[in-house]
Every structure is written in C-alpha cells, then in structure tokens.
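# Results of the structural survey
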There are 4 protein chains.
Amino acid sequence: MIIVLKPGATQAEIDHVIEKIQAAGCTPHLSRGVERTIIGAIGDEAALRLVPLEILPGVDQVMPIQKPYKMVAREFKPDPSVIGAGDVLFGGKRLHVIAGPCAVEGREMLLETARKVKAAGATALRGGAFKPRTSPYAFQGLEGEGLRYLAEAREATGLLVCTEIMDPRDLELVDRYADFIQVGARNMSNFRLLKELGTVRKPIILKRGLSATVKDLLLSAEYIVASGNPNVILCERGIRTFEDYTRNTLDIAAVPAIKTLSHLPIIVDPSHAAGRRDLIRPLSLAALAAGADGLLIEVHNNPEEASCDGPQSLRPEGFATLMEELRRLAAFLGREL
Amino acid sequence: MIIVLKPGATQAEIDHVIEKIQAAGCTPHLSRGVERTIIGAIGDEAALRLVPLEILPGVDQVMPIQKPYKMVAREFKPDPSVIGAGDVLFGGKRLHVIAGPCAVEGREMLLETARKVKAAGATALRGGAFKPRTSPYAFQGLEGEGLRYLAEAREATGLLVCTEIMDPRDLELVDRYADFIQVGARNMSNFRLLKELGTVRKPIILKRGLSATVKDLLLSAEYIVASGNPNVILCERGIRTFEDYTRNTLDIAAVPAIKTLSHLPIIVDPSHAAGRRDLIRPLSLAALAAGADGLLIEVHNNPEEASCDGPQSLRPEGFATLMEELRRLAAFLGREL
Amino acid sequence: MIIVLKPGATQAEIDHVIEKIQAAGCTPHLSRGVERTIIGAIGDEAALRLVPLEILPGVDQVMPIQKPYKMVAREFKPDPSVIGAGDVLFGGKRLHVIAGPCAVEGREMLLETARKVKAAGATALRGGAFKPRTSPYAFQGLEGEGLRYLAEAREATGLLVCTEIMDPRDLELVDRYADFIQVGARNMSNFRLLKELGTVRKPIILKRGLSATVKDLLLSAEYIVASGNPNVILCERGIRTFEDYTRNTLDIAAVPAIKTLSHLPIIVDPSHAAGRRDLIRPLSLAALAAGADGLLIEVHNNPEEASCDGPQSLRPEGFATLMEELRRLAAFLGREL
Amino acid sequence: MIIVLKPGATQAEIDHVIEKIQAAGCTPHLSRGVERTIIGAIGDEAALRLVPLEILPGVDQVMPIQKPYKMVAREFKPDPSVIGAGDVLFGGKRLHVIAGPCAVEGREMLLETARKVKAAGATALRGGAFKPRTSPYAFQGLEGEGLRYLAEAREATGLLVCTEIMDPRDLELVDRYADFIQVGARNMSNFRLLKELGTVRKPIILKRGLSATVKDLLLSAEYIVASGNPNVILCERGIRTFEDYTRNTLDIAAVPAIKTLSHLPIIVDPSHAAGRRDLIRPLSLAALAAGADGLLIEVHNNPEEASCDGPQSLRPEGFATLMEELRRLAAFLGREL
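Here we summarise the structure given alongside this text. All values reported here derive from a predicted model rather than from experimental measurement.

### Side note on the packing of helix α10 (residues 280-289) of chain D against helix α11 (residues 316-332) of chain D
Residues and elements named next belong to chain D. Close contact between α10 and α11 brings their axes to 10 Å; oriented N to C, the two are set at 20°. One way to sum up the angle between α10 and α11 is to call them roughly parallel. α11 is crossed by α10, and the crossing has right-handed handedness. Residues Ile280, Arg281, Ser284, Leu285 and Leu288 of α10 lie in contact with α11, whose contacting residues are Leu322, Glu325, Leu326, Leu329 and Ala330. Looking at the contact of α10 with α11 residue by residue, the classes come out as 7 nonpolar, 1 polar and 2 charged.

### Details of the relation of the copies chain C and chain D
Between the two chain copies there is a screw-like relation: a rotation about an axis and a shift along it. Note on the copies: chain C fits chain D at an RMSD of 0.0 Å, the axial shift is 0.0 Å, and the rotation between them is 180°. These values place the two chain copies in the arrangement generated by a two-fold rotation axis. For chain C, the smallest separation between a C-alpha atom and the rotation axis is recorded for Ser211(C), amounting to 2.8 Å. Comparing contact sets, 100% of the residues at the interface of chain C also lie at the interface in chain D, consistent with an isologous, same-surface contact.

### Some words on the relation of the copies chain B and chain A
Each copy superposes on the other: chain B lies on chain A with an RMSD of 0.0 Å after a rotation of 180° and an axial shift of 0.0 Å. Comparing interface residues between copies, 96% of those in chain B also sit at the interface in chain A, which points to an isologous, same-surface contact.

### Regarding the sheet that holds strand β2 (residues 27-32) of chain A
Residue and element names in this part refer to chain A. The strand order across the open sheet built from 4 strands is β2-β3-β1-β4, with neighbouring strands paired in antiparallel fashion. With one partner strand each, in any of the chains shown, β2 and β4 (59-63) form the two edges of the open sheet. Across the sheet, the mean angle separating the axes of adjacent strands is 20° when strand polarity is ignored. Summarising the sheet, β2 and strand β3 (residues 37-42) pair through 6 bridges and their orientation is antiparallel. In the strand pairing of β3, arginine 32 is matched with threonine 37.

### Some words on the interface of chain B and chain A
Of the residues lining the interface, 52 residues belong to chain B; the matching set on chain A comes to 50 residues. Taken over both partners, the interface formed by chain B and chain A buries close to 4300 Å², and the fraction arising from carbon and sulfur atoms is 53%. A per-residue breakdown of the area chain B buries against chain A is headed by Tyr137(B), Arg192(B) and Glu304(B), which together make up 17% of the total. Remark: the boundary between chain B and chain A carries 12 salt bridges. Across the salt bridge formed by Arg240(B) and Asp216(A), the nearest N and O atoms sit 2.7 Å from each other. Here chain B is connected to chain A by 22 residue pairs in polar contact (both at pLDDT 80 or more). If you list the elements that add at least two residues to the side of chain B that touches chain A, you get α1 (11-23), α6 (191-197) and α7 (214-226) of chain B. Its residues placed into classes, the side of chain B that touches chain A shows 23 nonpolar, 11 polar and 18 charged.

### Focus on unusual backbone geometry
In this model, Asp309(A) sits at a positive phi of 60°, which is unusual for a non-glycine residue. Mapped onto the secondary structure, Asp309(A) falls in the loop between β14 (294-298) and α11 (316-332). Here Glu143(D), not a glycine, exhibits a phi torsion of approximately 55°, which is positive. Following the sequence through the fold, Glu143(D) ends up in the loop between β8 (124-126) and α4 (144-157).

### Things to note about the state of the cysteines
Two cysteines joined by a covalent bond between their sulfur atoms form a disulfide. In this structure the tally under the stated criterion is 4 disulfides over all chains. A sulfur-sulfur distance of 2.5 Å marks the disulfide that ties Cys102(C) to Cys308(C). With the S-S dihedral at roughly -110°, the linkage between Cys102(C) and Cys308(C) falls on the left-handed side. Within this pair, whereas Cys102(C) is found in the loop between β7 (96-100) and α3 (107-120), its partner Cys308(C) is found in the loop between β14 (294-298) and α11 (316-332), the two being separated by 206 residues in sequence. The exposure class assigned to Cys102(C) is buried, which follows from its relative accessible area of 3%. Sulfur of Cys162(D): no disulfide; nearest cysteine sulfur belongs to Cys235(D) and is 8.9 Å away. Take Cys162(D): its relative accessible area is 1%, and that puts it in the buried class.

Cut-offs and rules
- Residues numbered from 1 in each chain as written.
- Chains lettered and ligands numbered in written order.
- Predicted model: local features only at pLDDT ≥ 70, side-chain atom pairs only at ≥ 80, totals over all residues.
- Heavy atoms only, no water.
- Axes fitted to C-alpha atoms, helices over the stretch in contact; angles between N-to-C directions.
- Helix = DSSP H or I, 4+ residues; strand = E, 2+ residues; numbered from the N terminus.
- Parallel < 35°, antiparallel > 145°, perpendicular 65-115°, else oblique.
- Left-handed = near helix turned anticlockwise from the far one by under 90°.
- Contact = heavy atoms within 4.5 Å.
- Nonpolar A, V, L, I, M, F, W, Y, C, P; charged D, E, K, R; others polar.
- Least-squares fit on C-alpha atoms with pLDDT ≥ 70 in both.
- Pairing = 2+ DSSP bridges.
- Buried area = accessible area lost by both parts, 1.4 Å probe.
- Salt bridge = Lys/Arg side-chain N within 4 Å of Asp/Glu carboxyl O.
- Polar contact = N/O pair within 3.5 Å; in protein donor to acceptor, adjacent residues only side chain to side chain.
- Disulfide = S-S within 2.5 Å.
- Buried < 20%, exposed > 50% of the residue type's maximum accessible area, 1.4 Å probe, protein only.

Shape is all these values report; function is a separate question.
Right under this line is the structure:
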C-alpha cells in the first residue's frame, strides 16, 4: 500500500499514519521529497485494507498495490486449474460446449433439444429450472419439475447438466440434480449465495455481473473458493454499456485478462452477450480465438415457442453447423472439441 | 406493440404474425406502405411480450409501447404514495433523513452515533448487520447481534431502524427487528428475495442496482408489490460509469423521472454515490432540490475506526451542520424536515 | 510517481528504472520489502510521464501521484476565477443564465426569443450558427448569416451572445461576433481547435465530452489556458451511460468536484443532459443547489417548428416561470441571479 | 415512423399530428385501439425526422423505423465494398495489416520500424505526424517533417502510408503525402472535418469514437460518403466503459454488426483497445475470427524510447511472430494475409 501525504502534512500527521500501518502489522517506509512525503506500507495488505487511511489527517491518496484476491490468483497457483465433472473438464486442452434452452419449458422440448445438441457435439445440457426474469409477469421456471426433466435428459443422452441457482434455500435440491451449478450475472454479487456454494464440491459456473469488472468477478470467485469449493469456472457474458445494437457488450479482452490474472478456466456465453441469433457464430469463433476454454450457447428446438430468450436461441440445425466450424477452429488452435 | 415487417415480407408471413397476435388475445391493425407493412397489436401487451415475435419470418423490428410494470406506475395510482412506519412516512410533505454507520460494529458506537444523529434531526437509524462486501476477507457484519443492538438503539432514542437483508432465510429475523428493510444495490435483481419481501408488510427500501436503468428499478419494485407488499421506497445511490473521481455517478435525473413514472417515494443516498465525504453536502442539497423525499446518509462517530466505508462517512458534527442547512432548504422548497 | 516492481525484480532491473527516473530529472527513493520493492520518484512528474516506465523489465505497476494539469488546478490559484464578458461574469456571487434556441433558424425567431429570455432575466443569448449534427441530412446552421442575427439580437436587447465554434477556420469570424465562444461536447478533445482558442481572449465555454472524465475536461481546459487564454468556463452537460430514459446522465457531482479541483467556473446545461423538457426544472434547481455558477438553457419561441432539439426546448413562458424560481433559490443559497 | 398517442388524445390533437405527417410528405395510417391510437407514417422518414413530433400535444412516443443513414447501408449496396489504395484493398478476400509507431518520432526509428514491419508482412505503415494528446504537455508530433519521413519510408520499403488528420487546414498537406487518411476516435464527430474529407478521393480510415454507438459510427461515415468520398474504411478500437483493466473495451460484436448493417470494410485496432502489449495477440486473433478485414497494430523498434503509447507497442520481433500466426489463421478462415 502506498500512502501519499498532502503537501503540507505535519510530522504529527505522518506519525499517526505510521502508527496505523504498524498496528495493522505492516512496515512503513518513508520517502520525503521537497513537496511530498510518501509512505510505502510493506507487508500483507489485507489487514491494512480494513483501515480507512484515506481519511486520516494529512493523507491525500491511498494506492493498493496487491491484488485483493488470493486463492484464485495466478500467483497462488501458477498452473491452470482443470475443473469440471465426469469427463467434461474445462481448462485443459479439450474445449466443451454447454448447450440447451434458456428455460426448461417441458419434458418433450427438453429431451428433443438434448438429443440434438448431443448429436451435434455438446457435452453438457443447459436449462433453467429457476429463472431470474426482470419482469414478475414473465415465466419463472418449472423449479423441481424442471430439475427432474434435466435429470431425465441426462439419463437419456449422457449429457451432463448445468442449471442455475438463485436462492441458497434451493441448494440441496439443485445439488442433487445438477452436474454444474450456474450463478447468473444478476447473482454474481449475492455474497451469501456464493458462500453457500463454498460448502459443496460441485463445479460452479460463475457468470460475470452486468457492471462487474474483471477484478469484481475474481473477488466473487474468491468468495466461493475461500468458503471451501475450489471448483469455479468463470463465464464472460457481456457487460452493460451504452451500445444498444447488442443486448450487452461482450468484453472479449476479459478472456486473456483472466488467463493472465487467474488459474481458473474461463468460458464465454455469446447468446446473452449478443441477444441476437445472427451474432452467435462470429462471437463464438472470436471467443475460441481469444483463448476461451468453452462456450455456453442457447439452443431451442423451436425458438418461436420459447418462453424466454427466443430471439437469441439457435435452432438445432444452426447449432450443428456452428459446432462443425468450432471443431475445426479448435483443432487449428491446437485444442480439441 | 408495433411489429415492423421487412421490405419483402410475404402475405403468408404477415398472416403468421397476425395469428400470433390474435392467439395472445390482441387485435392486429395493418398499415401497408409502399415499402413497408406495419402491424399494430392493440390490447394487453403482457401476453404478447412472452411471444418472440422478433424471430418470426418476415419480421424486422418489434417495439413495445406499454410500460412493462403496472402496479408501481403513476397511471395505476395517480396520487403519490406515502409509505413508511410510525410517523416516518416518505412521499408526503415531510422529508426524512435516515442516518447511521455503514455497519453495526458494536453496541457503544451504535448507541453513541444513534444519539447524535437523533439530536441532529434524523428520524431513523441505519446500520448493517449483514454486510455485502466485495471481498470475502472484509468484515461481514455482526448478524443477529447487530440486529439486537439496533433494537436497543431504537429503545434508547426513539429512532426507527433500517437494516439490510441479503438472504431470504434471514427475513423472519430481520422483520422482527427492523422498521425498514433495505435491499442493497447488489440485490436489486435478486428476484427470489424480492418475492419473499412481498410476503411481509414492512416498508422496503429498494436501492437501484449499479447497472440498473430506472425501468429496471421499477420492475424490481413491481416484483415486491405484485407479491403482496405495496410498501416500497425507491433509493437512487449512483450508477457505475467510466467516471472514477466518484465511487459511482449519482443520476440526479432519476429523482424527477421516477416521480413522473411512478407513485412510489424516492430517496437519495449521497454517501454511496460519492464515496467521498466532501461531496455529501452538495449532493444532499441537489437531491432535495430535485424533489427527493428523503436521504440516507452514512454517519459514524469515529470514521477512522470504521470497519467499512470510513472515507464516505460524516462525523456527527458534520452531519448536524448539514441537517441545519437541509432543514432550511426543505422549508424553502415548501416541505418540512 | 510510484513504481512498484515485480516480486522477482533483479538489481539490474531496479538500477535501470532508477536511471530512467534520474534521466527525467527526478529523485528516486527506494523501499525494499520482503516481497516487493517500491520506488518513489520525487520531483516534477511531467517529464516522467513521457517515459513508458510500465514496460521496463521488472516493473509491475506505475502510479502517478500528481495531477496531469497545472494552470487550471486549484493549487495553482487558490481563489476562484471570475470569468466572463461585460458584466456577465461567472464564478463570483452572481449567477447567470444563458438562454436561447439550439440553432439560429432565422432573424424573427431569434429576435423574438431574445426579447423574451431577456425579459425573463437571462443575461446572455445562446444560438448555434454552426451546428454539429450526428446526421449529415440534418440542418447544419446558417453560419455567417446566423452570426449577424446574433449580433443584431445583442444590439436590440443588450444580451451578450454565445455561439459554438466547430472549426479553427471560423475563429476569426466567430470571434468578431460572439461574446462567449462555446466548444461543444463533440469537440472537447479537438485539441487543435483548443490550442487555437488559446490565441484569443474571449471567454470560452468548454462543454464536457460524452465520455470525458472530470480529469479529461480539466486537461482540455489546460490546453486553452496553456495556449494563452485563461478565460475558460467549464460546462457539465451529461455523460453517456446505459440509462436511456434521459438523453445523457447529468453528473451532478462533477460540479462540486470541479470546484475542489479547479479555480475555473462551472455551469450546467440541463437541456442537453435531459433531452426532455419536463426535467429541465428539477435539474436546474439541483445544479444551483450543488454549487453551479450558472446555467445554459434551451428556449425556443415555437419548439414545434424548431429545426433541432425541439423536444428539449422550453417555451418562453415556461422559462420565465423557471427563472422566478431560480432567482429565489439563488437568493436562498446566498447568491444572486 | 410510428407515433403513439397518449391514452386521452383528442381528435383535434390527432388531426394536428396527421397534418404534420402530410406536410413532411408522408402518408399517415391510423390504428385506433380501445386505449391507444397509433399512427404509422409511411414514406421517407428523413423529412419527418426534422419535425419534433414528440412535443405535439397528445403525442406519447415517436419511434423511427428506418435507419438514419443511407449510402453506407447494406440495403443501398448489397455487395461488400472493396476499398483502399494500390493493392492494399480492404473488404475483399485479402486481409491487410497496417503497422508502425504511434507517432513519427524521427527519421531513423521510422525507417527501421518500417523495414521490419514490411519484412514481417505488413502492407502499410502507420505513424502520426499530428498527434491528438489528452495533455497539452505531451509530444504533439513532427507535423510536416513527420509526413516527409513517412513518404521516405514508403519510398524505401514500398509500404503505403497511413497517417492521422486532426484539422481541416492540414488536409492539402496530408493528402499530398498519405495513402490512407486516418480520423482518430476523438475526431469521429468532428463533422466539419468529415465533410472536408468528402472532397478528396483518398481512402479514409474512420475510427469509432470512445462513446459512439455503431449507429453513430455509420452516421459519421455517411458524412464523408454524402460529401463525395465513398472510400471509407471503418475501424473498431474499443469504447469507454467502467472496466479499467484494459484502456478501452474492444466491442468485438461491432465487427459482425457492421458487416450486417453496412457494405463498408471494417478493421480492428487491438493496440488502442487493450492499451497493453500482452493482449494484442489474443485480440488480433479474435478480430480475424469475428470477420475483420484487417488490423491496425502499433509496432515500435524501441518501445522504451517511444514518445507515446510505448506500453501498448509491440517490438518488431513480437510483431513478426504474431504475423505468422495471423497468416495461418487467415488461411484457415478462407482468407489471405
């Protein structure tokens, strides 16, 4: 931590800052210039972050130099983590595509979609049983019934299943049925839910919040890991900006940024980023080229009848064509799909 | 709903759209131009919103014309709602200031701060017992113990108390102690929590999410109201933008915008918007001038020792001076404080 | 400037950084911790900013501690600057409102609007002769003819006139007619134009760019001042965010922020911020309450016929009513209007 | 254009709107519902856009349905435009990389960098002679001298040259030396400059503004094309968001979006988007995968000595390695480099 003092800071003020640094277990180093005095606090910043140094008399600026997360940081574990369930592992040479409808709307549609995405090469099935919808009047999910259909689809196809959790009270139920537990963008900062997810061992797919920085996303992952579950897969799904042609703005640079900052796998959801079916193909290709470990794609066997996100859902045929192309690109990039 | 067809849309495509509109219980009105055909769907848009018209063949654009929320809309209830507890009612002539520390850190500090904000004219005490912190290593709140201290402070001062809820499982506990239940910015889209809050009658202070539009905020309020609790007080606390001088960007225009769009009261939290103590005064004055029904201000009896948000907390003396000024401004504006 | 080295930085790398600091005329101060070495560079950062220290081997982070602007900084001149023309001076006790149409559309409309805003209490007339329009098919302004109408309106009413410049080639012409030269948001980073404006003495009204931080705005002002013209009045007019209820998001906190950081006056343009007539009143009141030195308001004698920005223009009667209210608020705030 | 009337709109108000529509040469189509009346205005929206329909009595919302640009739209010219100089043509099967230093700092460095990027496979050389810098104290460019060095580098290497224009007064000079004229992000809305660029035939590389939507970018291109120069190449270089790990947020979806909306070529500048050297490789690969027609990359023979943008400049060796990889990816994608 660097503490920059105001031009006229008194000796008493400087001493007071030094005391606070020492009280937090860090060692102060003083640099006196003609105009400014600067104090470097050497040691573990974690304790020092809790002290509101900014408001001490004579203090002008406080600049942290350590990252606020630890266990998810690349420094903590230099090799990439390979995380998943069964043989659907993210972060290694092999890429995986999780595909399926936004919501589980019924047994038939789910089974049919599952068979088709499996045939096209997906290794896991997505489908919401609990749906976070901005409008209280929109379809809210089949809940337990939806989870049972997912399990049935796994049985029928061999696909692993991935579904979203919104409420800690559903954890036992979701944990019983799902192979991957997804935390949606709107719950990325639902810290109580994150802590609860630290108590299970299932891999968590943690989506980036609409206004979350990469640092915020890593801090949310740290919550889960620090609470006991090291199995976190990050997901870039677009951030909210002023651009309104797309539903969100896919921050493609977040993929290599996360690869640099963290050992955790990172996948991309082009469907929610774009919000329009015609952009899913180029965004999927770009995601792989940028180094993503996998994709999460919405596919619906009949988007016209979809209860949510129809406009951004691929039809199974379109998905099959895309998978062909992705498989070739993966091979070109030295990976497998 | 307006459906604009593509230049070359066929009669079969037009008929298909018309069928979908009728199936949703709306009446289609066709306008054929030389280049374009436009269909107006007259009736209740709620059902039509669930149909993914955008992806029907021949459709170019779909434009909703009704607001997606109902019960919180000004049209639903033309007179302003006056909402609160005891005689701390927001939305009428009288303004209220809720003040107190970010977190309840201990019994003494809370009681002392409570007495001082009461003396300065606050009518309710804020203080977090459950704290949403971006870092898992930051102080997370005293939980039940914190709630008991708040109740004790109410007993001692007569101030009503306002505290945040983060998890539906805490509702019974929080509802037992709090007079106002706060939903923080990071939980504005925690729809399960919102629904649960519809089952109590306590007034809910619903803070705007970091990347939520005014429409999103009203939809979240609709969740609570549609679930049975009409007592919602909205709170503007800044949105996330590229500007980094302040912690967030206070969207002052949201105050009159919400007054136009909704009958619910709207208050402003200048502390979280600014993130710096020196801006709280001008932002508080601006909020009142823009028509806010109240303020939520962080005050700590010893900000240097605060476990969170010290830099943005006023000291009791600064708060008392500000209250003097706010009281005069309120009177000038034809209101009372 | 603080240079934080990577954990394993070698002595040779440290020496190389130290050389660069000394070569730029600064003095290095070394703090060695167990994990990290930190170098504080004491002296004038301006020279050091030109050195890409970030890419020197062994360097992890570089953190500037001085502000990148000088002459516009509050430290450079502790007292507020009072800037303007004739007796229309911004930054003192007296507030001023500049009002008029978006564009000068014709002689009659300008004279009529001028007379009415004068009667209501405006002290300067705005009107664009050169118009920056996002569409090449929109009205682009009357140019020289518009400037002559402005001069005639000044003659007729005694109002000073304010008009926008878009091109350095128009400077001589605009300087001949205008009392205040406005730089629009889209030209805030047109650095060649800014430098040119340093060659005249007319007060410049510099509007904040749509994606400019407060720091960027102050740097643009520094361009003008450093080029020789100290007469700069800053103008907050909203930034671009994801919120689409308003045309832009008025950053009300920028007003007190600029008062803290700079000695230059700051005014607010509620018309462009809101983009809707019904929000101009609350935003104007909020601006004054937050400490603004004046306002820039669009008024059109017949908004229905306006060639641009009709929806955000007040009618003269609405403006007169608003001015009454602003005058009372100014008096309440200890200022005059 | 769709005009939605307020619930209680009177017949006189409806008639008034209809008159305005007819006066603008459009045909009104009325749809009366139980609650709402909607008027579709069929015909050329360009004239109607100039009428402030939003403020007519009884009008609730106005929704344009046509795009505001014409000549740059895909509908205007269904086949992609192939635009460039010599054999450096963008928009066809062949991709091109423009590489070189941020600024022309001297003769030697430019010639050396030019030779190296040529050897690596670049077909054009970038280098700023006029530099837009946010600080007035930063290096502003060698101006005419810089242009002459660029011409000499072209002579020596056969690379075409690309340089930025900031001021219409420099057009004759820049046009004499440059093969491609670049408009920087900060001048994308410098409409006077854009119009002036319509008077030459040189291809213009138009960079997206920091807060410009895709629609805004296309409107700026329309300015140039409508002014007489059809040779416009668009460039995505990142937009400003709250994410601060990167200098800007590369909006990768803008590439396929522009391919859908326009016939103009689109290239990507990963250097300014990222602001950090280590992200240039993944962003370049992603850009090609997303369909970009080329890249603009900063390369400096000695980034440590760069007068600007050193941290984001590749060294020639890094650039050569990247070009190898890009060449293979281009071939994989069915294109050439």
